Amino acid sequence: MKGAIGIYGFRVMGENLARNIESKGYPVTIGNRSVEVIREFMEGKGKEGKFIPAYSIEEFAASLEKPRKVMLMIKAGETVDLTIENFLPYLEPGDTLIDGGNSNYEDTERRVQYLEEKGIYYIGSGVSGGELGALYGPSMMPGGNKEAWAGVKDIFMAIAAKAGTNGEEPCTTWIGNGGSGHYVKTVHNGIEYGDMQLISEVYAILRDVVGADNEEMAKIFSTWNAGRLESYLVEITSEILNEKDETGEYIVNYILDKAMQKGTGKWTVISALEEGEPVTLITEAVYARILSSMKSERVAAAKGVEKPRSLAEKKDTVDLLEKALYAAKIISYAQGFSLMKAASDHYRWELKLGEIASIWRGGCIIRSAFLNDIRAAYEENVELKNLMVAPFFRTELEETVKGLREMVILGIRNGIAMPAMSSALSYYDGYHTENLPANLLQAQRDYFGAHMYERVDRPEGEFFHHNWSGEGGNTASTIYKV
Ligand SMILES: NC(=O)C1=CN([C@@H]2O[C@H](COP(=O)(O)OP(=O)(O)OC[C@H]3O[C@@H](n4cnc5c(N)ncnc54)[C@H](OP(=O)(O)O)[C@@H]3O)[C@@H](O)[C@H]2O)C=CC1
Ligand SMILES: O=C(CO)[C@H](O)[C@H](O)COP(=O)(O)O
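About the thresholds
Residues numbered from 1 in each chain as written. Chains lettered and ligands numbered in written order. Predicted model: local features only at pLDDT ≥ 70, side-chain atom pairs only at ≥ 80, totals over all residues. Heavy atoms only, no water. Near = heavy atom within 4 Å. Polar contact = N/O pair within 3.5 Å; in protein donor to acceptor, adjacent residues only side chain to side chain. Areas by Shrake-Rupley, 256 points an atom, 1.4 Å probe, with all protein chains shown as cover. Helix = DSSP H or I, 4+ residues; strand = E, 2+ residues; numbered from the N terminus. Nonpolar A, V, L, I, M, F, W, Y, C, P; charged D, E, K, R; others polar. Buried < 20%, exposed > 50% of the residue type's maximum accessible area, 1.4 Å probe, protein only. Contact = heavy atoms within 4.5 Å. UniProt positions renumbered as here; feature names shortened; annotations may be inferred. Domains from an automatic or database assignment. Buried area = accessible area lost by both parts, 1.4 Å probe. Salt bridge = Lys/Arg side-chain N within 4 Å of Asp/Glu carboxyl O. 1 Å grid on protein atoms, 1.4 Å probe; cavity = no way out; pocket = protein on both sides within 12 Å on 5 of 7 lines; lining within 4 Å. Points joined across faces, edges and corners; volume = space filled by probe spheres on them.

The protein chain is annotated in an unreviewed UniProt entry as 6-phosphogluconate dehydrogenase, decarboxylating of Proteiniclasticum ruminis.

See the structure below:
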C-alpha cells in the first residue's frame, strides 16, 4: 500500500488531519521529526486504519504514490525552510509540497518561486478549525502553484467541512497564486482576534457592570447563539463560562488574564499598515492582548485607583450588548474584507471575496451564520468598496449602531477598557463623516514643512502651499509616501 498523501508533523493538527483523510478512504503516510509520536499512534489509534508510518524522510518519500503529495503540519517559520531542505533530496519534479501551517504569506510567496525553479509544486494552505476541525472538517485556503491544485483538489474537497443549506458545499476553494492562501488565513486569524476581543469586552460589561454570574452569562451567549450572532466563538463562550472543575469551581474564573499570541494577528496589522487600510479593530485586539500580558505592571498601577461606577439595568444592557456585538462584528469584517481587497489589488491575486466568505461558513474558528450575508453582499456587487455600505449591512448597522454607542459609553462611564468596540465605533463614525478635521491637519503639515494641501474649491490632485508665518519661502516639499 502506498500513501495517496503524506502528513509530516504529527501533533494537534497533523494527527487529526491524517485521521480525517484516512476516514475518507485515502491511505496516508504519516511522519514527524520526533518519531516516538508515530510509534505511539501506530500502537493505538492508528492500528486499524490505512496509515503508513514512516520513521525517516527517506522512508516517508518512498512510501508515497507518484507524483508525491506531502503536507507539512509543523511549526511556522524557519522550521518550514529547514524541513523543505530535508525533503528536497527525496522529491522529484512534478511532486507537490503543501504547507498547511500558519506560515507568513511572504515566506510562502518566496517558497513558491524557489520550488518552482526545482520543478516542485508548492501550495501554502491556511487550515482552520483547530483540533476538532482538522478531524471532522476544517476550512482550507490553498494558494500557490495552481498546477498542483488538480492533484490535491479531491482530497481537499473530501476532508473539508461542508456548509450551505444542504450541507454539501465544501469549505475550500482555490484562493489564488503565490502567498494568497496564507494571506487569507492570516486575515481570518486577525478577524478571529477581533471576534474574541469583542466577546471578551461583552463579558467584562456583563461581569463587572451588570454583575451577572457565570450561569447567567452562559445563558445569554447561548440565547444569542440562536439568533443573528450564531457562531462557533459565541457557542464555545457559553460552554466555557459554564464549565466547572472537579471541585465545582468555574475554570474560567481561575485562568490568569494574560493573553498570548502566535503572530498571525500582528501580521494582519502590519499588512494593513502597508496597504494603507484602517483595520483598527484587529489592531486594537492585538494591542489588548499585549496590554493584558503586562499583568504585574497592571496590578501595581491599579492599586489605589478607584473605578468610576455607573450601574445599568440588566435587561436593557443585555439587549444593547447584543446589538453592540453584532454592529462591531459587521464593522470588523468590513475592515478585514476591505484589507483583503487592497492586498488582492496590490499582489494581483484576484481574490474572490464572496467565495472566501463562503468557505469560512463551516469548519473554521470564525464560522458564523452572518458569513452567508457577507457572501450575498459580494455576490450582489463584486466591486463592493466596503461591507458597511452594502444595502443589507447598511440597514443592519442603522438598527444596531445605537447599541454600540450606548455600550461604549457604559464602558467609559465604568472605567472598562473597550478598545475593540470603541475603535469600531470611531471607524464607523469616521467612515460616515463627510467633513473630517483633516483640513486642519493638512494646514499644520503645510505650516511646518511646506507639505502642501488640496483645496475644496479646486480639483483633487492640484496642490497648494501657503506661506503661513510670512517668514517661510514659497518652495514646497514634494508629495510622496515612503
Ligand atoms: N493548533 C491549532 O489550533 C492550529 C494550528 N495551526 C498551524 O498548524 C501547524 C501545526 O500546529 P500544531 O499541530 O498545533 O503544532 P505546533 O504548532 O505545536 O508544531 C509542532 C510540530 O512542529 C514540528 N516541528 C517543530 N520544530 C521542527 C523542526 N525544526 N523540524 C521539523 N519539525 C518541527 C514538531 O515536531 P516534534 O514533534 O518533533 O517537536 C511538531 O510536529 C502550525 O503551523 C500551526 O500554527 C493551524 C490552525 C490551527
Ligand atoms: O490558526 C488558528 C485557528 O484558525 C490557531 O488556533 C491560531 O494559531 C491561534 O492563534 P493565536 O495563538 O495567535 O491566538
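Peer 1: What am I meant to see in the site of ligand 2 here?
Peer 2: If you check the shell around ligand 2, you find Asn102, Ser128, Lys185, His188, Asn189, Glu192, Tyr193, Gln261, Lys262, Arg289 and Ile365 and nothing else. In this structure, an oxygen atom belonging to ligand 2 sits 2.7 Å away from a side-chain N or O atom of lysine 185. For ligand 2, whose free accessible area comes to 370 Å², the fraction covered by protein is 76%. At five residues, helix α8 (residues 180-210) tops the list of elements feeding residues into the shell around ligand 2. Split into classes, the residues belonging to the shell around ligand 2 amount to two nonpolar, five polar and four charged.

Peer 1: Would you mind going over the environment of valine 80 with me for this structure?
Peer 2: Of note, valine 80 is situated in helix α4 (residues 78-87). A residue is classified by how much of its surface remains accessible, and valine 80, at 0% relative accessible area, is buried. Sequence separation between valine 80 and serine 103 is 23 residues, and the spatial gap between their C-alpha atoms is 8.4 Å. When neighbours within four sequence positions are excluded, valine 80 is seen to be in contact with Leu72, Ile74, Lys75, Asp99, Ser103, Arg111 and Tyr122.

Peer 1: Just to check I follow, could you spell out the UniProt feature "active site" (unreviewed entry) in the protein chain for this structure?
Peer 2: The UniProt record annotates "active site" (unreviewed entry) at Lys185 and Glu192. Within the element layout of this structure, lysine 185 appears in helix α8. Given the relative accessible area of 4%, lysine 185 is considered buried. Excluding residues within four positions of it along the chain, lysine 185 makes contact with Asn102, Gly126, Val127, Ser128 and Met141. When you line up the elements, glutamate 192 lands in helix α8. For glutamate 192, a relative accessible area of 15% gives the class buried. Dropping the residues within four chain positions of it, glutamate 192 is found in contact with Leu233, Ile365 and Ile366.

Peer 1: Is there a simple way to explain the site of ligand 1 in this structure?
Peer 2: Neighbouring residues of ligand 1: 19 residues in total, closest Arg11, Met13, Asn32, Ser34 and Ile74. For ligand 1, an oxygen atom lies 2.6 Å from a polar atom in the side chain of arginine 11. For ligand 1, whose free accessible area comes to 880 Å², the fraction covered by protein is 78%. Those elements giving two or more residues to the shell around ligand 1 turn out to be α1 (12-23) and α4. Partitioning the shell around ligand 1 into residue classes produces seven nonpolar, eight polar and four charged.

Peer 1: Would you mind going over the domain arrangement of the protein chain with me for this structure?
Peer 2: Where interface size is given, it is often the accessible area lost as the parts come together that is meant. Segmentation of the protein chain into domains returns domain 1 (5-178), domain 2 (185-431) and domain 3 (437-482). The centre of domain 1, based on its C-alpha atoms, is set 31 Å off from the matching centre of domain 2. The interface of domain 1 with domain 2 comprises 28 residues on the first partner and 23 residues on the second. For the pair domain 1 and domain 2, the summed buried surface comes to about 1800 Å²; carbon and sulfur atoms form 55% of the total. Per-residue buried area on domain 1 facing domain 2 is highest for Asn102, Tyr105 and Ile175; these three make up 27% of the total on that side. Counting the contacts that link domain 1 with domain 2 gives two salt bridges. A salt bridge links arginine 361 to glutamate 169, with the nearest nitrogen and oxygen atoms 2.7 Å apart. Our count for the contact surface shared by domain 1 and domain 2 stands at nine residue pairs in polar contact (both at pLDDT 80 or more). Within the side of domain 1 that touches domain 2, the residues separate by chemical class into ten nonpolar, 15 polar and three charged.

Peer 1: Would you take a moment to explain empty space enclosed by the protein for this structure?
Peer 2: Picture a little ball the size of a water molecule; that probe, rolled over the atoms, points out where space is still empty. With the rule as written, the count across this model stands at one cavity of 30 Å³ or more. Lining the largest cavity are Thr173, Trp174, Ile175, Leu351, Lys352, Glu355 and Ile356. In terms of residue class, the lining of the largest cavity is made up of four nonpolar, one polar and two charged.

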